[in-house]
Protein chains: 2
Amino acid sequence: MTTRATSRSGTSRSGRRPGNSGTREAIIEAARQRFSEVGFDKASVRSIAAKAGVDSALVHHYFGTKQDLFVAAVAIPIDPTPVLRHIAGTPLDRLGEGLIRNILGAWDSPAGVGLVAAFRSVVGGGDPALIRTFLLDIALRGVRERVDSPPGSGLERVTAVATQMLGILVMRKIVELEPIASMSHDDLVRVFAPTLQRYLTGTLTSP
Amino acid sequence: MTTRATSRSGTSRSGRRPGNSGTREAIIEAARQRFSEVGFDKASVRSIAAKAGVDSALVHHYFGTKQDLFVAAVAIPIDPTPVLRHIAGTPLDRLGEGLIRNILGAWDSPAGVGLVAAFRSVVGGGDPALIRTFLLDIALRGVRERVDSPPGSGLERVTAVATQMLGILVMRKIVELEPIASMSHDDLVRVFAPTLQRYLTGTLTSP
């Protein structure tokens, strides 16, 4: 994540490297601890800055928004913002297909290798609180609000989606099980989009 | 797997511990290599015995069948045979529910802790060839033959099932994402059994 954070900061500072890498590391470490302890919403930038012994303004200067800081802290090698924006613009009745196409686009991009590595380290013994926070407070939040019908069902809907997408990721990228590993995006949409669409907008009570 | 293998052998030998643990370890190591290199079917007990420098009869004496040897070699802490027998006895039109109930029963049993640990080590950097072999040649083989309609579709059907079940396992046991982590088996059946049933016997072409 150091690379990513440096590049972000570097861009805003005309390519110069930030001077105090110890401070950056202290902020990252404080952010990891706070996000893990209290989750995304309750971990204020102010409390993270205090824990790192720096001013809040310095945190924003180095990392941008709180979401940017989270992405850097948990070493997610892809900026989820454009993916989430695409998904937010997909009509509800085509959200199943929209989700799988956008997520596959990220995984199967060159940066997806890093995404798989990050996931491996979490499953292999990393901090599950951070991946929960990423899923609930960043990746799934917008969709959850849109599919909360009947009211209160949104969380069950989006976590069901997460199980299916995660299973595809693990089988395709880690277990490398055929035909899942080599299927085209169109074929994956054919098999899995109806599942996601039911989780999002279908009935989840027994038939 | 040492514990499990010892207990199997110990039972057949009135509780005495086997004398030559070096031989047992050599067989296990040879089995792991052969299964990983050529898969379950092509890894004959004879070739494993030869690699370990022992007689085939000794392999059977210590470990039982080839499937038993595989389970010991990949450190699967649950004997899949009773689970597979239950699943084989479930009618095709209720196979989705039958699969999820039987697999949840294994994961949520006391031995399921070891199952999760074994999975973690594979995902964290273990040998994916072994988990593929387990899935294709042991766990999914019987079901694949039953759902191969139209002919040739069986592999896509059972691997789709595997993605959904694996995603539930990871979310429930490793990421511990709520409500998936605490849902009752009945609730998991309500949400996920229709998905599995479609993968197994439904249409997988676009609607």
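Rules of the game
- In this convention, every chain numbers its residues from 1, walking through the sequence in written order.
- Working convention: letters from A go to chains and numbers from 1 go to ligands, in the order in which they are written.
- Reporting in this predicted model follows two pLDDT cut-offs: at least 70 for local features of residues, and 80 or more for side-chain atom pairs to be given and counted; totals over whole chains, interfaces and linings ignore these cut-offs and use all residues.
- Processing note: side-chain calculations cover all non-hydrogen atoms of the structure and skip hydrogens and water entirely.
- Our superposition of the copies is a least-squares fit, built on the C-alpha atoms of residues whose pLDDT is at least 70 in both.
- Whether two residues are in contact is decided by their heavy atoms, any of which lying within 4.5 Å being enough.
- Numbering of helices and strands runs from the N terminus; a helix is a DSSP stretch of H or I covering at least four residues, while a strand is a stretch of E covering at least two.
- We call a residue buried when its accessible area falls under 20% of the maximum for its residue type, exposed when it is over 50%, and partly exposed in between, using a 1.4 Å probe and counting protein chains only.
- For helices, the fitted line uses only the C-alpha atoms of the stretch in contact; every axis is such a line through C-alpha atoms, and the angle between N-to-C directions lies from 0 to 180 degrees.
- Angle categories: roughly parallel below 35 degrees, roughly antiparallel above 145, roughly perpendicular from 65 to 115, and oblique for all the rest.
- Only Asp, Glu, Lys and Arg are considered charged, only Ala, Val, Leu, Ile, Met, Phe, Trp, Tyr, Cys and Pro nonpolar, and every remaining residue, Gly among them, polar.
- Should a side-chain nitrogen of Lys or Arg be within 4 Å of a carboxyl oxygen of Asp or Glu, the pair is scored as a salt bridge.
- Counting of polar contacts relies on pairs of N or O atoms within 3.5 Å, with two restrictions inside protein: one atom must be capable of donating a hydrogen and the other of accepting it, and residues adjacent in sequence are counted only when both atoms are side-chain atoms.
- Throughout, nonpolar core names a set of buried Ala, Val, Leu, Ile, Met, Phe, Trp, Tyr and Cys residues whose side chains join them through atoms within 4.5 Å.
- Side-chain rings of Phe, Tyr and Trp, where Trp is taken by its six-membered ring, are said to pair if the distance between their centres is within 6.5 Å; with planes under 30 degrees apart they count as stacked, over 60 as edge-to-face, and otherwise as tilted.

### What about the relation of the copies chain B and chain A?
Phase 1 of the analysis: Mapping chain B onto chain A leaves a residual RMSD of 0.1 Å; the transformation is a rotation of 180° accompanied by 0.0 Å of translation along its axis. Taken together, the rotation angle and the small translation identify this as a two-fold axis.
Phase 2 of the analysis: Most of the interface of chain B is mirrored in chain A: 100% of its interface residues are interface residues there too.

### Observations concerning unusual backbone geometry
In terms of backbone geometry, most residues other than glycine have negative phi values and most peptide bonds are trans.
Residue and element names in this part refer to chain A.
Phase 1 of the analysis: Cis peptide bonds are those with omega within 30 degrees of zero, and the linkage from S149 to P150 qualifies with 0°.
Phase 2 of the analysis: Locating P150 in the fold gives a position in the loop between α10 (141-146) and α11 (154-174).
Phase 3 of the analysis: Residue E178 is joined to P179 through a cis peptide bond whose omega torsion reads 5°.
Phase 4 of the analysis: Structurally, the position occupied by P179 is in the loop between α11 and α12 (185-201).
Phase 5 of the analysis: With a phi angle near 55°, E176 is a residue other than glycine that sits in the positive phi range.
Phase 6 of the analysis: With respect to the secondary-structure elements, E176 resides in the loop between α11 and α12.
Phase 7 of the analysis: Take E176: its relative accessible area is 42%, and that puts it in the partly exposed class.

### Here's the deal with the packing of helix α2 (residues 21-42) of chain A against helix α5 (residues 66-73) of chain A
Residues and elements named next belong to chain A.
Phase 1 of the analysis: Contact geometry for α2 and α5: axes closest at 9 Å, N-to-C directions at 110°. Judged by the angle between their axes, α2 and α5 are roughly perpendicular. Along its contact with α2, which presents I27, I28, A31, R32, F35, F40 and D41, the element α5 presents K66, Q67, L69, F70, A72 and A73.
Phase 2 of the analysis: Residue classes in the contact of α2 with α5 are distributed as 9 nonpolar, 1 polar and 3 charged.

### Some points on the interface of chain B and chain A
Phase 1 of the analysis: Each partner contributes to the interface: chain B provides 41 residues, whereas chain A provides 41 residues.
Phase 2 of the analysis: The tally of links between chain B and chain A comes to 2 salt bridges.
Phase 3 of the analysis: Among the ionic pairs, E156 of chain B bridges to R190 of chain A, the shortest N-O distance being 3.0 Å.
Phase 4 of the analysis: If you look at where chain B meets chain A, you find 16 residue pairs in polar contact (both at pLDDT 80 or more).
Phase 5 of the analysis: Counting only elements with at least two residues in the side of chain B that touches chain A, the list comes to α8 (112-123), α9 (128-139), α11 (154-174) and α12 (185-201) of chain B.
Phase 6 of the analysis: Residue composition of the side of chain B that touches chain A, grouped by class: 25 nonpolar, 9 polar and 7 charged.

### Thoughts on the nonpolar core
The tendency in soluble globular proteins is for nonpolar side chains to be buried side by side.
Phase 1 of the analysis: F35 and I100 of chain A together with F35 and I100 of chain B are the most contacted members of the largest nonpolar core, which has 132 residues in total.
Phase 2 of the analysis: For F35 of chain A, the contacting residues outside a window of four places in its chain are F40, A43, I48, K66, L69, F70, A73, L130 and T133 of chain A.

### Topic: the environment of V83 of chain A
Residues and elements named next belong to chain A.
Phase 1 of the analysis: With respect to the helices and strands, the residue V83 is situated in helix α6 (residues 81-88).
Phase 2 of the analysis: Its relative accessible area of 19% is what places V83 among the buried residues.
Phase 3 of the analysis: Once you skip the residues sitting within four places of it in the chain, V83 turns out to touch N102 and A106.

### With respect to the packing of aromatic side chains
Phase 1 of the analysis: Taken as a whole and judged by the stated rule, the model has 8 aromatic pairs over all chains.
Phase 2 of the analysis: Look at F192 of chain A and Y199 of chain B: their rings are 5.6 Å apart centre to centre, the planes differ by 80°, and that puts the pair in the edge-to-face class. Remark: Y199 of chain B occurs in helix α12 and F192 of chain A occurs in helix α12; the pair is interchain, linking two chains. Like Y199 of chain B, F192 of chain A is buried.
Phase 3 of the analysis: Note on F70 of chain B and F134 of chain B: the rings are 6.4 Å apart at their centroids and 5° apart in plane angle, and the pair reads as stacked. Separated by 64 residues along the polypeptide, F70 of chain B in helix α5 (residues 66-73) and F134 of chain B in helix α9 bring together distant segments of the chain.
Phase 4 of the analysis: Judged by its relative accessible area of 0%, F70 of chain B is buried.
Phase 5 of the analysis: Assessed through its relative accessible area of 19%, F134 of chain B is described here as buried.

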